[in-house]
Amino acid sequence: MAWFDMRLKKGVLLQSNCSIYRVTTKEELDSFSCGDEDLDDFFHQEACLYDGQLLGKTYFFATEKSGKDEIVCAFTLANDSIKAALIPNASRNKIQRKIPNSKRTRSYPAVLIGRLGVAKNFQGTNDGIGSQAIDYIISWFLLPDNKTGCRFIVVDAYNKDNVLRFYGKNGFKFLYSTEELEKEANHIPDDEHLESRMMYLDLLGYIR
């Protein structure tokens, strides 16, 4: 897709220089590390279990270097939804604004980015591997390839400034405008740290 290719920077291009694979055996991601202990543990130990229970599918991009495949990034996708009744009016109005009244419903189909990690060797470069991966995921769910009518991409992002900035830069918005509202909706005590923030991206904005 032209809009996808134009955004890629020089260097490692996921679509041009890499192949994508679905994780089918536990050993496939043994060499992968993004430097985050929680993410690495998921990709090494849990990804195949999620696949076997139909709870999520994990994919990775790899490029050939020095005669062997080198994993560039990995991500997990799962089915999800945005339930209109569970979010504040302000956020619900933003989501429903572009949806005709006759088509509004209790929940809207979404795909969840359950995990996303970039290999340490490919972090801090000008290639924007994480952004390329987001673009690639978006391309999977645009018309005419959107096979099931998925409207949104959602992510339960780590509540860290750099992570939230990354997803914001790539078109995601907060489902709850404040941490207080998100805590209230998820029955989290006010004095407890909010570990993650739910964010969403409207795929309709990418249709040309």
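Visitor: What am I meant to see in the overall build of the protein chain here?
Guide: A tally of regular secondary structure across the protein chain gives 7 helices and 7 strands. Traced from its N-terminal end to its C-terminal end, the protein chain shows the element sequence α-α-β-α-β-β-α-β-α-β-α-β-α-β. The globule rule puts the C-alpha radius of gyration for 208 residues at 17 Å, and the 18 Å found for the protein chain is close to it. Considering only C-alpha atoms, the protein chain reaches an extent of 55 × 45 × 35 Å along its principal axes. Taken over 208 residues, the protein chain has a buried fraction of 45%. Taking contacts inside the protein chain between residues at least 6 apart in sequence as the whole, the part at least 24 apart equals 71%. Accessible area for the protein chain stands at about 12000 Å²; split by element, carbon and sulfur atoms hold 49% of it. Within the protein chain, the 29 negative side-chain charges are centred at a point lying 10 Å from the centre of the 27 positive side-chain charges.

Visitor: What exactly am I supposed to notice about helix α4 (residues 89-96) here?
Guide: Since there are 3.6 residues in each turn of an α-helix, residues three or four apart along the chain are aligned in direction. Among all positions in α4, only Ser 91, Ile 95 and Gln 96 are buried. Summarising the axial view, the buried residues of α4 lie within an arc of 125°, below the 170-degree limit, and thus occupy one face. Opposite the packed face of α4, turned more than 90 degrees from it, sit the exposed residues Ala 90 and Lys 94.

Visitor: What's the story with the nonpolar core in this structure? I'm lost.
Guide: A general trend in soluble globular proteins is that nonpolar side chains are found buried together. Ranked by size, the top nonpolar core spans 47 residues in total, and within it Ile 113, Ile 153, Tyr 167 and Phe 172 carry the most contacts. Listing elements by their share of this core, those giving two or more residues are α3 (37-52), β2 (57-65), β3 (68-83), β4 (107-118), α5 (129-140), β5 (152-158), α6 (161-169) and β7 (196-202). Ignoring anything within four residues of it in the chain, the contact list for Phe 172 reads Ile 113, Ile 134, Ile 153, Val 154, Val 155, Tyr 167, Met 199, Tyr 200 and Leu 201. Ranked by size, the runner-up nonpolar core spans 14 residues in total, among them Ala 110, Phe 152, Tyr 176 and Tyr 200.

Visitor: How should the environment of Asn 93 be read in this particular structure?
Guide: Relative to the elements of secondary structure, Asn 93 occurs in helix α4. Sequence-wise, Asn 93 and Asn 159 are 66 residues apart; in three dimensions their C-alpha atoms are separated by 24 Å.

Visitor: What is the right way to look at the packing of α5 against α6 in this model?
Guide: Any two packed helices are characterised by how steeply their axes cross, that is the angle between the axes, and by the distance between the axes. One way to put it is that α5 packs onto α6 with a least axis distance of 10 Å and a crossing angle of 45°. Classed by the angle they form, the pair α5 and α6 counts as oblique. Both α5 and α6 take part in a crossing whose hand is right-handed. Counting all contacts with α5, which are made through Gly 130, Ser 131 and Ile 134, the residues of α6 involved are Phe 166, Tyr 167 and Lys 169. The residue makeup of the contact of α5 with α6, split by class, is 3 nonpolar, 2 polar and 1 charged.

Visitor: When you look at the packing of aromatic side chains in this model, what are you seeing that I'm missing?
Guide: The way to describe two aromatic rings as a pair is by their centre distance and the angle between their planes. Per the stated rule, a full pass over the model turns up 14 aromatic pairs. An angle of 90° between the planes, with centres 5.4 Å apart, marks the rings of Phe 32 and Phe 43 as edge-to-face. Here the residue Phe 32 occupies a position in the loop between β1 (19-22) and α3, and Phe 43 occupies one in helix α3, the gap between them amounting to 11 residues. Relative to Tyr 50, the ring of Phe 42 lies with its centre 5.1 Å away and its plane at 75°, an arrangement referred to as edge-to-face. With a relative accessible area of 3%, Phe 42 lands in the buried category. Residue Tyr 50 is classed as partly exposed on the basis of its relative accessible area of 31%. An aromatic cluster is present here, built from Tyr 59, Phe 61, Phe 75, Tyr 136 and Trp 140 joined pairwise through their rings. Against the face of Phe 174 rests Arg 197, its NZ or CZ located 4.2 Å from the ring centre.

What counts and how
- Residues numbered from 1 in each chain as written.
- Predicted model: local features only at pLDDT ≥ 70, side-chain atom pairs only at ≥ 80, totals over all residues.
- Heavy atoms only, no water.
- Helix = DSSP H or I, 4+ residues; strand = E, 2+ residues; numbered from the N terminus.
- Rg over C-alpha atoms; globule rule 2.2 N^0.38 Å.
- Buried < 20%, exposed > 50% of the residue type's maximum accessible area, 1.4 Å probe, protein only.
- Contact = heavy atoms within 4.5 Å.
- Areas by Shrake-Rupley, 256 points an atom, 1.4 Å probe, with all protein chains shown as cover.
- Lys, Arg positive; Asp, Glu negative; His and termini not counted.
- Charge placed at Lys NZ, Arg CZ, Asp CG, Glu CD.
- Arc of directions from axis to C-beta.
- Core = buried A, V, L, I, M, F, W, Y, C linked by side-chain atoms within 4.5 Å.
- Axes fitted to C-alpha atoms, helices over the stretch in contact; angles between N-to-C directions.
- Parallel < 35°, antiparallel > 145°, perpendicular 65-115°, else oblique.
- Left-handed = near helix turned anticlockwise from the far one by under 90°.
- Nonpolar A, V, L, I, M, F, W, Y, C, P; charged D, E, K, R; others polar.
- Phe/Tyr/Trp six-rings, centres within 6.5 Å; stacked < 30°, edge-to-face > 60°.
- Lys NZ or Arg CZ within 6 Å of the ring centre and 35° of its normal.

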